[in-house]
Amino acid sequence: MSDNTNETTAAAEYDFHPMWESLGMDVPAHDMLLGAVGQMFGDVFLTQENRPASTDYLNQVVAGIHSGRIKEMLDKKASGEAKKIVGSFCLYVPEEIVIAAGGIPVGLCSGADWATDKVEEHLPRATCPLIKSFAGFKLGSVCPYIESSDLVIGENTCDGKKKAYEFMATQVNMYTVDIPNVHNAQTLELWKGEVRKLAERVEQETGQKITAESLKAAIKLANDKRRALQRLSATRAADPAPISGLDSLLTVQAAFMDDAERLTGAINAMADECEQRAADGVGVAPKGAKRILYTGTPMAVPNWKLFNIIEKAGGVVVGEEACTGSRYYKDLVDESGETVDEMLDAIAERYFGINCAIFTPNDGRIEDIVRMARELNADGIIDCSLQFCTLYEMESFTVEKAAEQAGIPFMHITTDYANEDAGQLTTRIEAFLEML
């Protein structure tokens with residue numbers, strides 16, 4: 001399919017049920033899931049006023065997210081254009097390596113509760129929603145990304161994931177990379193070794209050797225996507241903000257799943273429009289609307305709850321210091337390397353700089369939060385942890401102290417994927433916005 005419009009048109013005309021059945025999915029349950037997500041998307045996104053016209057691309061991505069995009073990937077594999085589909089759950093899995101070895105990198109489903117009763121037969125009840133989600137999507141057979149992945153790459157970030165991947169290895173073809181928890185020269189060398197081992201494992205899976213030419217092209221492709229996201233992010237410093245936090249979040253979520261080259265073109269088109277809107281004083285919320293910087297745990301599709309509450313309450317999210325935000329795109333891989341070894345080192349160095357809460361100390365994240373709040377003219381910071389996420393719960397105290405020292409109002413939230421706390425969160429967020 002040459003573009004996302006064609007993909008969406010095909011999705012409306014094509015029966016994808018045989019494809020889902022061939023992947024071993026629970027098709028009736030999946031139909032129910034798609035119906036719920038479609039209703040949620042309409043209620044959350046399509047009710048926004050004055051969206052940039054270019055965000056229609058995001059509507060098309062969501063329309064084909066479990067259908068046309070899956071078929072596109074499977075067709076590429078069947079034709080030999082791609083060797084294998086490689087799924088992952090985290091920013092620390094370098095997409096450049098997968099692409100250079102002839103694979104298609106995709107993010108896996110982990111943003112909604114599913115098959116919780118089945119999950120709790122294998123994992124503790126007091127486990128974070130993201131972990132329970134990806135296990136539930138697998139046990140419930142409703143994520144075509146998991147079911148179409150030839151290899152799933154995990155990463156030893158938090159202890160919960162580390163142990164959950166032991167269970168997932170009984171369900172899928174799994175490989176786990178070890179992430180150091182301390183930033184220093186010695187651990188960087190260890191990480192470079194992990195990146196090389198990962199490259200060897202991906203080559204083994206795809207049967208295609210990574211070459212200097214293929215790796216250089218893959219680095220350029222990923223960097224171009226990051227550059228486009230940086231452009232779009234910069235427009236959000238304007239008042240009024242030209243694009244909503246919801247659409248910005250969805251753009252990064254799409255970056256984990258959509259075709260990189262096609263999405264990059266769409267993001268640049270969004271940046272073009274938003275730069276013009278900023279110049280013209282056109283926004284998605286009135287000038288002077290309370291501006292929020294979000295920080296905390298990542299928000300996988302379809303976890304749009306918190307941003308929806310903030311923006312329906314009259315605020316506007318102008319930045320995200322999160323894995324589904326600036327951490328995904330703020331740093332580029334050095335493109336000057338000429339050999340595979342030089343480029344693998346550059347990839348390792350770039351990914352080592354991601355300020356995940358696993359690191360101790362994690363001063364870089366605190367500095368990024370304050371810097372972003374100032375650059376994006378945020379009126380307040382909302383820090384969010386998913387329930388039972390010890391890492392982000394612990395760091396919230398450090399973030400609060402840094403916000404206080406910087407003179408920026410701060411609010412911490414602990415939540416999960418369910419909507420039972422939506423009323424309480426709405427009340428708290430409305431009060432916070434009123435106080436700003």
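If you're wondering where the values come from, they're calculated on a predicted model, not measured in any experiment. (Residues numbered from 1 in each chain as written. Predicted model: local features only at pLDDT ≥ 70, side-chain atom pairs only at ≥ 80, totals over all residues. Heavy atoms only, no water.)

> Explain the side chain of Ser396 to me, and be specific about the residues and the numbers.
For Ser396, the position within the fold is in helix H19 (residues 390-406). Excluding its chain neighbours within four sequence positions, the residues that come into contact with Ser396 are Asp383, Phe410 and His412. (Helix = DSSP H or I, 4+ residues; strand = E, 2+ residues; numbered from the N terminus. Contact = heavy atoms within 4.5 Å.)

> Break down the state of the cysteines for me, with residues and values.
Across all of its chains, the model carries one disulfide by this definition. The side chain of Cys109 participates in a disulfide bridge whose partner is Cys143; the two sulfur atoms lie 2.3 Å from each other. One disulfide, between Cys109 and Cys143, carries an S-S torsion of 75 degrees and so falls in the right-handed class. Highlighted residues: Cys109 in the loop between strand E2 (103-107) and helix H7 (116-119) and Cys143 in the loop between helix H8 (129-139) and helix H9 (144-148), separated in sequence by 34 residues. Of all cysteine sulfurs in the structure, the one in Cys323 sits closest to Cys90, which takes part in no disulfide; the separation is 6.0 Å. Free of any disulfide, Cys323 has its nearest cysteine sulfur in Cys356, 5.6 Å distant. (Disulfide = S-S within 2.5 Å.)

> Outline the pairing of strand E5 (residues 291-296), listing residues and values.
Taken across its six residues, E5 has six buried, putting it largely inside the fold. With five bridges joining them, E5 and strand E6 (residues 316-321) adopt parallel strand pairing. When the sheet's bridge partners are listed, Tyr294 is paired in E6 with Glu320. By the bridge criterion, five bridges tie E5 to strand E7 (residues 380-386) in an arrangement that is parallel. Considered in E7, the bridge of Ile292 is made with Gly380. (Buried < 20%, exposed > 50% of the residue type's maximum accessible area, 1.4 Å probe, protein only. Pairing = 2+ DSSP bridges.)

> Tell me about the confidence of the model for the chain, residues and numbers included.
Within the chain, residue pLDDT values average 96, and 97% of them lie at 70 or more. For residues 1-11, every residue scores under 50 in pLDDT, and the model assigns this stretch 23 contacts once sequence neighbours within four places are set aside. (pLDDT = per-residue confidence, 0-100.)

> Which residues make up unusual backbone geometry, and what values do they have?
Residue Pro302 follows Val301 across a cis peptide bond; omega there is 0 degrees. In this structure, Pro361 follows Thr360 across a cis peptide bond, with omega equal to -5 degrees. Along the chain, Pro361 turns up in the loop between helix H17 (340-352) and helix H18 (363-375). A positive phi is found at Asn50, a non-glycine position, where the angle reads about 60 degrees. Turning to its location among the elements, Asn50 is positioned in the loop between helix H3 (27-44) and helix H4 (56-63). Residue classification places Asn50 among the partly exposed residues on the basis of a relative accessible area of 43%. Look at Ser141: it is not a glycine, yet its phi comes out positive at around 55 degrees. Within the fold, Ser141 resides in the loop between H8 and H9. The exposure class of Ser141 is buried, given its relative accessible area of 19%.

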